[in-house]
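Below, each chain spelled out in residue letters.
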Amino acid sequence: MNITLAQPPFFSIQGEGIYVGVPSVFVRLTRCTLDCKGFGQCHPKDPSTYKSNPVQHIDSLDQYETPKYGCDTSYAKDPEFEHLWIHTDTESLAKMCADLVEGSFTKNGSDMHLVITGGEPMLYQEAIAHLLTILYNKYDLRNCTIETNGTVPLKPILCESPVKIFMSVSPKLHCCSGVPNDKAIKPAVVQKYIQHFDGQLKFVCGKDPEVWKEMLT
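Side note on the overall build of the chain
Along the backbone of the chain there are seven helices and eight strands. Computed over C-alpha atoms, the radius of gyration of the chain comes to 18 Å, within 12% of the 17 Å expected from 2.2 N^0.38 for 217 residues, which places it in the range of a compact globule. Projected onto its principal axes, the C-alpha positions of the chain cover 50 × 40 × 30 Å. Counting the 217 residues in the chain, one finds 47% classified as buried.

Some words on unusual backbone geometry
With omega at 15°, the peptide bond leading from Gly118 into Gly119 counts as cis. Along the polypeptide, Gly119 turns up in the loop between strand S5 (113-117) and helix H2 (125-139). Backbone geometry at Arg31 places phi at a positive 75°, although glycine is not the residue there. Mapped onto the elements, Arg31 comes out in the loop between strand S3 (23-28) and strand S4 (86-89). Using a relative accessible area of 40% as the deciding quantity, one classes Arg31 as partly exposed. One non-glycine residue, Glu102, adopts positive backbone phi at about 55°.

What about the side chain of Ser161?
Topologically, Ser161 is positioned in the loop between helix H3 (156-159) and strand S7 (164-169). On the basis of relative accessibility, which here comes to 15%, the residue Ser161 falls in the buried class. Within the local environment of Ser161, its side chain forms a polar contact with the backbone nitrogen of Val163, the two atoms lying 3.1 Å apart.

A few points about a nonpolar patch on the surface
Judged by side-chain polarity, Phe11, Ile13 and Leu100 come together as a nonpolar surface patch covering roughly 250 Å² of accessible area. In this fold, Phe11 is placed in strand S2 (residues 10-13). Owing to a relative accessible area of 38%, Phe11 belongs among the partly exposed residues under this scheme.

Describing the pattern of salt bridges
With the rule as written, the count across this model stands at nine salt bridges. Here Asp35 makes a salt bridge to Lys37, at a shortest N to O gap of 3.7 Å. The partly exposed category is assigned to Asp35, whose relative accessible area is 39%. On the basis of relative accessibility, which here comes to 48%, the residue Lys37 falls in the partly exposed class. We note a salt bridge from Lys77 to Asp35, for which the minimum N-O separation is 3.1 Å. Taken as a pair, Lys77 in the loop between S3 and S4 and Asp35 in the loop between S3 and S4 lie far apart in primary sequence, 42 residues in all. Among the ionic contacts, a cluster of salt bridges with common partners joins Asp35, Lys37, Lys77 and Asp78.

Side note on the sheet that holds S3
Read across the open sheet, the six strands follow the order S2-S3-S5-S6-S7-S8; overall the sheet is mixed. Edge strands, defined here as strands with exactly one partner in the open sheet, are S2 and strand S8 (198-201). Across this sheet, the average inter-strand angle for adjacent strands is 25°, counted without regard to direction. Strand direction decides the pairing type here: S5 and strand S6 (residues 143-148), joined by three bridges, are parallel. Of the residues in S6, the one forming a bridge with Leu114 is Cys144. Relative to the sheet, helix H1 (residues 90-100) contacts S2, S3 and S5, its axis offset from that of S3 by approximately 150°.

Quick notes on the rules
- Residues numbered from 1 in each chain as written.
- Predicted model: local features only at pLDDT ≥ 70, side-chain atom pairs only at ≥ 80, totals over all residues.
- Heavy atoms only, no water.
- Helix = DSSP H or I, 4+ residues; strand = E, 2+ residues; numbered from the N terminus.
- Rg over C-alpha atoms; globule rule 2.2 N^0.38 Å.
- Buried < 20%, exposed > 50% of the residue type's maximum accessible area, 1.4 Å probe, protein only.
- Polar contact = N/O pair within 3.5 Å; in protein donor to acceptor, adjacent residues only side chain to side chain.
- Patch = residues over 30% accessible without salt bridge, like charges linked within 9 Å, V, L, I, M, F, W, Y side chains within 5 Å.
- Areas by Shrake-Rupley, 256 points an atom, 1.4 Å probe, with all protein chains shown as cover.
- Salt bridge = Lys/Arg side-chain N within 4 Å of Asp/Glu carboxyl O.
- Pairing = 2+ DSSP bridges.
- Axes fitted to C-alpha atoms, helices over the stretch in contact; angles between N-to-C directions.
- Contact = heavy atoms within 4.5 Å.

If you want it as structure tokens, here you go:
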């Protein structure tokens, strides 16, 4: 089954949430449902005031400069970076992940996790389900975190995964991201997630008190 990566998988330590400090393999997928141009802007809710980032013409991600405005991982979604994306399949990706943990996620009594992020990984639910099944059967994966913005409806195939899935949901607030709430905030979608999986909510917050008010509502 085909899948597209924004960069090769890499091994690191989870830096946030309930699994902070857990050794993990990170897989970053491409494409997104939102265009959060308001991040870093003086007036995120007013697109007429937005400043633009310079277009990056790069040959590798080593040359990538984190944008001042908008999404900080624009290389995972913007067309100017498509030539850097890695088109592969789930069998090959599983082997790449397994190589990073010397063939087993539970080697020597450890419990190393898989973190799937983006972009918006829930656009790839069928491929993720296939990937997790391979990693479970061949390489002893037991735990996976999916980092999502909470806008893509859950498909039954993901609920059938033998791997324990943890949903880290990061809704994009209007007063920070510039994305209107009717597009970015999908309570019914998130409700379906938590009916089937454990999870957490993760918000990007700034100095504006409106951020906290919007988050609580």
